[in-house]
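Fold and geometry: a report
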Amino acid sequence: MGQKVAGTCYVKVDGQQLEITGGCEAPLSKYKRETIVKGYFKEEDTVPFLKVDAVKTPGVDWPKIAEGSDMTVTCEFKDGSTYVLTGAYVVGDLNVTADDGKVAIEFNGREGDWQ
């Protein structure tokens, strides 16, 4: 019997649903490890993030997304899991392409939790 592990994602920014294309990317771990010598490693906190390709649709408050610094971003994955990024803000450039109306967005935040 097969099990659904991928498919359409749903993303909301402070309650506003985005129309997205492609997939979403979120970290599964809150830490990054690096081996110092065999059997010993250091562990650093990673920055919680969510990457998504959205479509610039009417009705979405794009200035709020561009300028917000304490947003809540929720991503519902097709496997039933949800990633919630709090204290979120956009990093990098926020540009729209004229040929297909896509906006690549990378959110970073204070806390990212799987539910």
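Residues numbered from 1 in each chain as written. Predicted model: local features only at pLDDT ≥ 70, side-chain atom pairs only at ≥ 80, totals over all residues. Heavy atoms only, no water.

**Let's talk about the layout of surface pockets**
Space inside the largest pocket adds up to approximately 160 Å³. Surrounding the largest pocket, 14 residues form its lining, K30, T46, P48, E111 and G112 being those nearest its centre. It is strand β9 (residues 111-114) that contributes the most residues to the lining of the largest pocket, three residues altogether. Split by residue class, the lining of the largest pocket holds seven nonpolar, three polar and four charged. (1 Å grid on protein atoms, 1.4 Å probe; cavity = no way out; pocket = protein on both sides within 12 Å on 5 of 7 lines; lining within 4 Å. Points joined across faces, edges and corners; volume = space filled by probe spheres on them. Helix = DSSP H or I, 4+ residues; strand = E, 2+ residues; numbered from the N terminus. Nonpolar A, V, L, I, M, F, W, Y, C, P; charged D, E, K, R; others polar.)

**Points about the pattern of salt bridges**
Counted under the stated rule, the structure contains six salt bridges. Here E111 ties to K30 by a salt bridge, and the two come within 2.6 Å at their closest N and O atoms. Separated by 81 residues along the polypeptide, E111 in strand β9 and K30 in the loop between β2 (16-25) and β3 (31-37) bring together distant segments of the chain. For E43, the salt bridge goes to R33, with nearest N and O atoms at 2.8 Å. Of this pair, E43 sits in strand β4 (residues 40-45) while R33 sits in strand β3, and the two are ten residues apart along the sequence. Connected via shared salt-bridge partners are K30, E111 and D113. (Salt bridge = Lys/Arg side-chain N within 4 Å of Asp/Glu carboxyl O.)

**Some remarks on a nonpolar patch on the surface**
Nonpolar side chains collect at one region of the surface, where I36, V37 and Y40 lie side by side and expose about 350 Å² of accessible area between them. Among the structural elements, Y40 can be located in strand β4. (Patch = residues over 30% accessible without salt bridge, like charges linked within 9 Å, V, L, I, M, F, W, Y side chains within 5 Å. Areas by Shrake-Rupley, 256 points an atom, 1.4 Å probe, with all protein chains shown as cover.)

**Some remarks on the side chain of S81**
Relative to the assigned elements, S81 resides in the loop between β6 (71-76) and β7 (82-91). In this structure S81 comes out as buried when scored by relative accessible area, which is 18%. Of the polar contacts made by the side chain of S81, one reaches the side chain of D79; its length is 2.7 Å. Those residues in contact with S81 that sit more than four places away from it in its chain are C75, E76, W114 and Q115. (Buried < 20%, exposed > 50% of the residue type's maximum accessible area, 1.4 Å probe, protein only. Polar contact = N/O pair within 3.5 Å; in protein donor to acceptor, adjacent residues only side chain to side chain. Contact = heavy atoms within 4.5 Å.)

**A look at the nonpolar core**
Judged by nonpolar contacts, the single largest core of 24 residues is most densely connected at V11, L18, C24, L50, I105 and F107. Of all the elements in the fold, those that place two or more residues in this core are β1 (10-13), β2, β5 (49-55), α1 (62-67), β6, β7 and β8 (102-108). The dominant element in this core, judged by the number of residues it contributes, is β7, at four residues. Setting aside chain neighbours within four positions, we find V11 in contact with Q16, Q17, L18, I20, C24, L50, V52, V73, T74 and C75. (Core = buried A, V, L, I, M, F, W, Y, C linked by side-chain atoms within 4.5 Å.)

**Observations concerning the confidence of the model for the protein**
For the protein, mean pLDDT is 91; residues scoring 70 or higher make up 93% of the total. For the protein, the element scoring lowest by mean pLDDT is β2, at 89; β7 scores highest, at 97. (pLDDT = per-residue confidence, 0-100.)

**What about the pairing of β8?**
When β5 meets β8, the two strands line up antiparallel, connected through seven bridges. When the sheet's bridge partners are listed, D53 is paired in β8 with A104. Judged from the three bridges that link them, β7 and β8 form a sheet pairing that is antiparallel. Note on β8: the bridge partner recorded for V91 is E106. (Pairing = 2+ DSSP bridges.)

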